[in-house]
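Below are the chains, spelled out letter by letter.
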Amino acid sequence: MTQQTAVARQATTLRGAIDDANYRYYVLDDPSIPDAEYDRLMRELEALEAAHPELAAPDSPTRHVGARPASGFVEVRHAIPMLSLSNAFTDTDAPDGTDPDHEVRDFVRRVEQGLGVHEPEFAVEPKLDGLAISLRYENGLFVQGATRGDGSTGEDVTANLRTVKAIPLKLRGDGWPAVLEVRGEVFMPRAGFDAYNARMLREGGKPLANPRNGAAGSLRQLDPHVTASRPLAFYAYGVNLPPDPDAVIADRHSAAMAKLRGWGFPTCPQNAIARGADGCLAYFRKIGAARNDLPYGIDGVVYKVDRYDQQRELGFVARAPRWAIAHKFPAEEQATVVEAIDIQIGRTGAATPVARLKPVQVAGVTVTNATLHNADQVARLDVRVGDSVIVRRAGDVIPEVVRVIPERRPAHTEPWKMPAHCPICGSAIEREEGEAAARCTGGLVCAAQRREAIRHFASRRAMDIDGLGERYIEDLIAFDYLHSPADLYKLTLDDFLAMKRRAEERDGVIPETVKAGKIATKWADNLVDAIAASKAGTLERFLYALGIPEVGEATAKTLARHFGSLDALMRASEAELTEVNDVGPIMAGHIAAFFAEPRNRKVIVALRNAGVHWKETAPQRKAEGPLAGRVVVLTGSLLSLTRDEAKDKLEALGAKVAGSVSRNTAFVVAGESAGSKLEKAEALGVEIWDEARLLALLKSHGT
Ligand code: IVH
């Protein structure tokens, strides 16, 4: 094959892939590849066409943006084109000595040079992750709404937009011009998106891929009743007075937005003003840090020169203004290849399939593993070794495989199956009826379960053994010092020093003892002390530390209160256990099975013999107090007490403190920067308390 034909083929392949992706994204609202991957294909094709002008074709996807409007909607020609924004990124692995934010600084420098002004004012706004729309008002009435489309022509979605409650059908106040065009973003707030997807999963429907698709898909419904049933919202971010593209309602953008608010348009509460590049970057960091707590999804922030006369002076290049830029967060989804699927054994033996990935940068971090949750999930996604997949990492959550890219599946792959035996200890892996997780049946015989069990036992909210990190636990197990958590209480100073020596020999590192020229033993002294100190605790911490499947801190506390003593709990039948508040039959089964298991009883006896103790109390069978039986949710941060303190005090009054808002919630206590839980409470009409009201209640009951 000549080089010429190879290049031509490459261009055809890229165009095909981009056209397909466009169709899936714009027409079907069902994207096949992540945005970053789409951008990469587009850049590759652009580079190819630039290097080989003879390949340029009038129908290449590089010549137009987006796709035809789907049939069913009438086309609308925008009186004033809807522009797009140039993008800037922060380079998350910029080499030392280079500025990771140079793209933003370059933009600000161009603005400053263009205007001859130092540190001009920018209107800075979250970049909402929804769908751009244009709303036309004539004599104060909403007459037409359209999608952006290709910027010149969009689709008439007036009927659907009329169902979005955030969009005023009639303007408030006065002083509005006879013809007004407001631009902004229709989006699906996070709480609405979560609730919608939870309902779809319950009812066997199709969940939305992300809030952006939720907004786009909802607006492009042919039946406005369907749109009306979707939780959509709207924020305005621009305004025009057609037909004159230069006509304005104020002398600057921020003032125009304030006017729009007065006429009834919501604008984003996080909008602000910043000065120069430093001000813009500080805003970017602030919004980035708050991103996961915002009630709506964003994919970056936008910087706009605030003064309209300055905007006019700067003008446009191609389809984007010179006076604005989108500073985007690193993409949260990327495509990569599954190199293997391994099993990870957790504390209670749960066998979790984990995809080992070809390393890929996601949201600024290199990802090499992603959880596949359980065998059902692997089957649902049909992930196979060799597959190209989309990996997502949002905020602090564990990276996960979102979907397979079927077009890229290599030949001869096999569906994945849960292995029959534990890769660590060889015990059988079994799955109980009705449970999502398959489990290694090895218990503490399994080194992986032992490591996780001891790590959990020693953790801060359990026995709180300060300084006993994962590394030490792993080495103590590797050198056979620990067969169960009870063995911790037998460890001596010499054991720790010997363990460290052996680990250093194994790893071929120069022993610290030699480096220092003397024997450093402080760390080991501290560990021996921390282990001894952990002997005196509470029953609830001890129960939590045991790592009974499904028993978290809240249940451990309820069990401790209900039974008062370990012996009473260990004697309880399954039926008696289900009498405990919030203990259902499945959890009761786990608890009874745990205490029936001779190996577990042996560990408990050994722990008590080693001196682990707590104060036992009289059983408290019923939640009593003024809040008995009422479910309370805490959100945001309180000023005068920590969340744990507030929880303890509410529980002392008989309340159950839950983690999520539902119709059963009696009230939500909302502190500073309360997020989606507050939104959800508002949506469900749940009573909302502020901190003062909570304090007043606590005070009136003497706590
Ligand atoms: S201003 C000429 N402001 O970003 C400037 N756009 O490429 C026009 N977007 O599709 C846009 N939040 O949907 C602007 N606060 C904001 C925005 C925003 C989201 C979207 C918009 C458009 C894209 C710009």
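Residues numbered from 1 in each chain as written. Predicted model: local features only at pLDDT ≥ 70, side-chain atom pairs only at ≥ 80, totals over all residues. Heavy atoms only, no water.

K.L.:
Could you clarify how one ought to interpret the site of the ligand in this entry?
P.N.:
Close contacts around the ligand come from 13 residues, with E125, L128, E185, Y237 and K304 the closest. Within the side chain of K127, one N or O atom sits 3.3 Å away from an oxygen atom of the ligand. Taking E185, its side chain carries an N or O atom lying 2.4 Å from an oxygen atom of the ligand. In isolation the ligand offers 520 Å² of accessible surface; the protein chains occlude 85% of this area. Looking at the shell around the ligand, the elements that each hand over two or more residues are β3 (121-128) and β10 (298-305). The element contributing the most residues to the shell around the ligand is β3, with four residues. (Near = heavy atom within 4 Å. Polar contact = N/O pair within 3.5 Å; in protein donor to acceptor, adjacent residues only side chain to side chain. Areas by Shrake-Rupley, 256 points an atom, 1.4 Å probe, with all protein chains shown as cover. Helix = DSSP H or I, 4+ residues; strand = E, 2+ residues; numbered from the N terminus.)

K.L.:
Could you clarify how one ought to interpret the sheet that holds strand β5 (residues 141-147) in this entry?
P.N.:
Taking strand neighbours across the sheet as the criterion, the four strands line up as β5-β4-β7-β8 in an open arrangement whose pairing is antiparallel. Two strands in the sheet have a free side with no partner beyond their single neighbour: β5 and β8 (233-240). On average, each strand axis in the sheet is tilted by 30 degrees relative to the strand beside it, whichever way the strands run. Relative to β5, strand β4 (residues 131-138) runs antiparallel, the two sharing six bridges. Directly across from I133, in β5, lies its bridge partner T147. Here helix α6 (residues 211-219) sits on the sheet and contacts β4 and β7 (179-187); the angle it forms with β4, its principal contact strand, is near 45 degrees. Set on the sheet, helix α8 (residues 253-262) makes contact with β7 and β8; between it and β8 the angle comes to about 125 degrees. (Pairing = 2+ DSSP bridges. Axes fitted to C-alpha atoms, helices over the stretch in contact; angles between N-to-C directions. Contact = heavy atoms within 4.5 Å.)

K.L.:
Explain the sheet that holds strand β25 (residues 665-670) here, please?
P.N.:
Sheet strands pair via backbone hydrogen bonds, and the direction of the pair is either parallel or antiparallel. Strand order across the open sheet formed by four strands is β24-β23-β25-β26, with parallel pairing between neighbours. Edge strands, defined here as strands with exactly one partner in the open sheet, are β24 (656-658) and β26 (687-689). Across the sheet, the mean angle separating the axes of adjacent strands is 35 degrees when strand polarity is ignored. Pairing of β25 with β26, which is carried by three bridges, proceeds in the parallel orientation. Note that in β26 the partner of F667 across the bridge is E687. Contacts from helix α24 (residues 676-684) reach β23 (631-635), β25 and β26, with the element oriented near 135 degrees to β23. Contacts from helix α25 (residues 691-700) reach β25 and β26, with the element oriented near 80 degrees to β26.

K.L.:
Would you explain unusual backbone geometry in this entry?
P.N.:
Note: most residues except glycine have negative phi, and most peptide bonds are trans. The linkage connecting P242 with the following residue, P243, adopts the cis geometry, with an omega of 5 degrees. Note on placement: P243 falls in the loop between β8 and α8. You will see that N139, though not glycine, has its phi angle at about 50 degrees, which is positive. The residue N139 is located in the loop between β4 and β5 in this model. We note that H412 has phi near 60 degrees; this positive angle belongs to a residue other than glycine.

By themselves, these figures tell us nothing about what the structure is for.
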